[in-house]
Amino acid sequence: MSSIQFHYTVDGNDFTKAGEASSDLKRKLKKMHVPPEIVRRVSIAMYEGEINMVIHAYGGVIDVDIDESRILMVLRDRGPGIPDIEKAMQAGYSTASDKINAMGFGAGMGLPNMKASADSMHIDTELGVGTTVTMQVDLA
Amino acid sequence: MTTIDEVSKLLGAEYLVPPLDPDQAVRSCYAADMMSDVLAFSEYDSCLITGLMNVQVIRTAEIKDLACIIFTRGKLPKPDLVEMAQDKGICIMFSLKSTFNVCGILYENGLRGSRNNE
């Protein structure tokens, strides 16, 4: 089986649209008869990542690659970068503004949730340039 | 196990978007206003109790396969939220009661919290 790819653009200015890419991927995975528990884990990881791109990083692009062994998600933004990844991974730590908190986000659970949902996660970041988060959920 | 319709009746809560299956079982409940907590700790087929009033509540419910959402404190969501819930087939109801009282009533009637956050 060759791989299937999906590409999404995430608009950093539109909080209302945030989550559309994750919602679309979830629908597609269901149609492909991916097991429900895998669909849920992929959806959570991607949704948290997508929201992060909007609230912290001015949006970006998401590329998804699916083959028979795994679902790979690459989330790329041109945001400010993450100064301290270890701190950012701590549950409850957040740099979100009060405005973001009022919208129900910025609890500091995003990155920990992504790590817990995926089988592997890697963050590449450069201050003033952007961040790329790569996550993989295994199918077998 | 308690169904969505039984939850609605216990609370005297009115449907804004009725459930696709009123007899669908509700596995557990989760009360939160922070969506990242819901994403981390709620269970699928559970009932979300919240006062948060933006469309991300609906997206979170979709991502987590929640059974239904109860908006508390008599807050009515805006039409765009209701429309999104309708499009995605997500049941939402609203209660005039406080979050504390909604939780209390459901707990008294046998519903329990998420096993992911005991």
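Refer to the structure printed above.
Residues numbered from 1 in each chain as written. Chains lettered and ligands numbered in written order. Predicted model: local features only at pLDDT ≥ 70, side-chain atom pairs only at ≥ 80, totals over all residues. Heavy atoms only, no water.

Below, the discussion takes up the environment of Cys47 of chain B. Residues and elements named next belong to chain B. Relative to the helices and strands, Cys47 is located in strand β3 (residues 47-50). Residue Cys47 is classed as buried on the basis of its relative accessible area, which comes to 0%. Those residues in contact with Cys47 that sit more than four places away from it in its chain are Val26, Ser28, Cys29, Tyr30, Cys68 and Ile70. (Helix = DSSP H or I, 4+ residues; strand = E, 2+ residues; numbered from the N terminus. Buried < 20%, exposed > 50% of the residue type's maximum accessible area, 1.4 Å probe, protein only. Contact = heavy atoms within 4.5 Å.)

Another point: the nonpolar core. Within soluble globular proteins, side chains that are nonpolar generally end up buried alongside one another. In this structure, Ile62, Val64 and Met73 of chain A together with Ile92 of chain B are the most contacted members of the largest nonpolar core, which totals 62 residues. Per element, the largest residue contribution to this core is 11 residues, and it comes from helix α2 (residues 36-57) of chain A. Setting aside its immediate chain neighbours within four residues, Val64 of chain A contacts Ile4, Gln5, Phe6, Tyr8, Leu25, Met46, Ile71, Leu72 and Met73 of chain A. (Core = buried A, V, L, I, M, F, W, Y, C linked by side-chain atoms within 4.5 Å.)

So, on to the packing of aromatic side chains. Within this structure, the stated rule accounts for 2 aromatic pairs over all chains. Note on Tyr47 of chain A and Phe105 of chain A: the rings are 6.5 Å apart at their centroids and 70° apart in plane angle, and the pair reads as edge-to-face. Linking Tyr47 of chain A in helix α2 with Phe105 of chain A in the loop between α4 (98-102) and α5 (110-117), this pair joins segments that are 58 residues apart in sequence. Given the relative accessible area of 1%, Phe105 of chain A is considered buried. In this structure, Arg27 of chain B is placed above the aromatic ring of Tyr44 of chain B, and the distance from its NZ or CZ to the ring centre is 4.1 Å. (Phe/Tyr/Trp six-rings, centres within 6.5 Å; stacked < 30°, edge-to-face > 60°. Lys NZ or Arg CZ within 6 Å of the ring centre and 35° of its normal.)

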